[in-house]
Structures are given as C-alpha cells and as structure tokens.
Amino acid sequence: TGADVDDLESGSGLSIERVYPNPASRKITVDLIVSLEDVIDVDIVAVDGNIVKSFLLRQAVSPGSATLSFDLADLPRGRYSMLVRGRTATTSTSFVCE
C-alpha cells in the first residue's frame, strides 16, 4: 500500500513500512517498524550518490511503530533515496520530489 519501498535492510531491527506522499513536494513522512530501541538518522541521497540533506535526529526510538516527517521544500525536483540508519541496522527506499 502506498510507496514503492525497496527495503535494503542489513542486520535486524529496523524496516520501512511506508513513505508518503510519493511523489512528495514540500514534506515527506516515513513509517518505520523498530524491533529494538535505537537511535535514528536519515540521509537524503541524490541519484549520483551524494548526500544532499541529512537529518541527524540522535533521538531514541522505542520498539514498535515510529512516524517521522521531513521538510523537502529546498530539494530540486528529481529521484532520491532515503537512507535510514540506526545503530544496528540500515534500510533505504526511493522517492520522487516534485
């Protein structure tokens, strides 16, 4: 349901359930499933592999569902990857910014 999610999970404990809206314009929201308490950081990566925006949240996320929203108003139109990193797992998905 919703976004085209390419879950590239390595390790365990963190997965992306949904990214919306996709395509996004000013704001994007990601629903995560966290099986272990973790600290989450998010990078937005352009198709050339460069990190164009980082959200260093450095906040603990409890096990269960977590919903995070990010401001994309300053991103140019295009296709991006969202890299979600925890201490023990990393996962990513792609999205389009309009």
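Let me begin by describing the structure that accompanies this report.

Calculation criteria
- Residues numbered from 1 in each chain as written.
- Predicted model: local features only at pLDDT ≥ 70, side-chain atom pairs only at ≥ 80, totals over all residues.
- Heavy atoms only, no water.
- Core = buried A, V, L, I, M, F, W, Y, C linked by side-chain atoms within 4.5 Å.
- Buried < 20%, exposed > 50% of the residue type's maximum accessible area, 1.4 Å probe, protein only.
- Contact = heavy atoms within 4.5 Å.
- Pairing = 2+ DSSP bridges.
- Helix = DSSP H or I, 4+ residues; strand = E, 2+ residues; numbered from the N terminus.
- Axes fitted to C-alpha atoms, helices over the stretch in contact; angles between N-to-C directions.
- Salt bridge = Lys/Arg side-chain N within 4 Å of Asp/Glu carboxyl O.
- Phe/Tyr/Trp six-rings, centres within 6.5 Å; stacked < 30°, edge-to-face > 60°.

## So, the nonpolar core
Okay, step 1: Grouped together as the largest cluster of nonpolar side chains are 25 residues, with contacts concentrated most on Leu32 and Met82.
Okay, step 2: When near neighbours in sequence (up to four residues on either side) are disregarded, Met82 contacts Ile28, Val30, Val42, Asp43, Ile44, Phe70, Thr91, Ser92, Thr93 and Phe95.

## Let's talk about the sheet that holds strand β3 (residues 27-34)
Okay, step 1: Strand order in the open sheet made by the three strands is β2-β3-β6, with antiparallel pairing throughout. What marks the edges here is a single partner per strand, and that holds for β2 (14-20) and β6 (64-71). Taken over all neighbouring pairs, the strand axes of this sheet differ in orientation by 25° on average, direction set aside.
Okay, step 2: Both β2 and β3 contribute to a ladder of six bridges, which runs antiparallel. Among the inter-strand pairings, Ser15 is bridged to a residue of β3, identified as Ile33.

## Things to note about the pattern of salt bridges
Okay, step 1: Evaluated as defined, the whole model comprises four salt bridges.
Okay, step 2: Across the salt bridge formed by Asp43 and Arg85, the nearest N and O atoms sit 3.0 Å from each other. Here the residue Asp43 occupies a position in strand β4 (residues 38-46), and Arg85 occupies one in strand β7 (residues 78-85), the gap between them amounting to 42 residues.
Okay, step 3: The class of Arg85 is partly exposed, set by a relative accessible area of 27%.

## Topic: the packing of aromatic side chains
Each aromatic ring pair is summarised here by two numbers: the centre-to-centre distance and the angle between the ring planes.
Okay, step 1: One pass over the full model with this rule turns up two aromatic pairs.
Okay, step 2: Residues Phe55 and Phe70 carry aromatic rings whose centres are separated by 4.4 Å and whose planes lie at 40° to one another, so their mutual orientation is tilted. Taken together, the residues span a long stretch of sequence, with Phe55 in strand β5 (residues 51-61) and Phe70 in strand β6 at a distance of 15 residues. Across the pair, exposure class does not vary: Phe55 and Phe70 are buried alike.
Okay, step 3: For the ring pair Tyr80 and Phe95, a centre distance of 5.8 Å and an interplane angle of 25° mean the geometry is stacked. Taken together, the residues Tyr80 in strand β7 and Phe95 in strand β8 (residues 89-97) connect sequence positions 15 residues apart.

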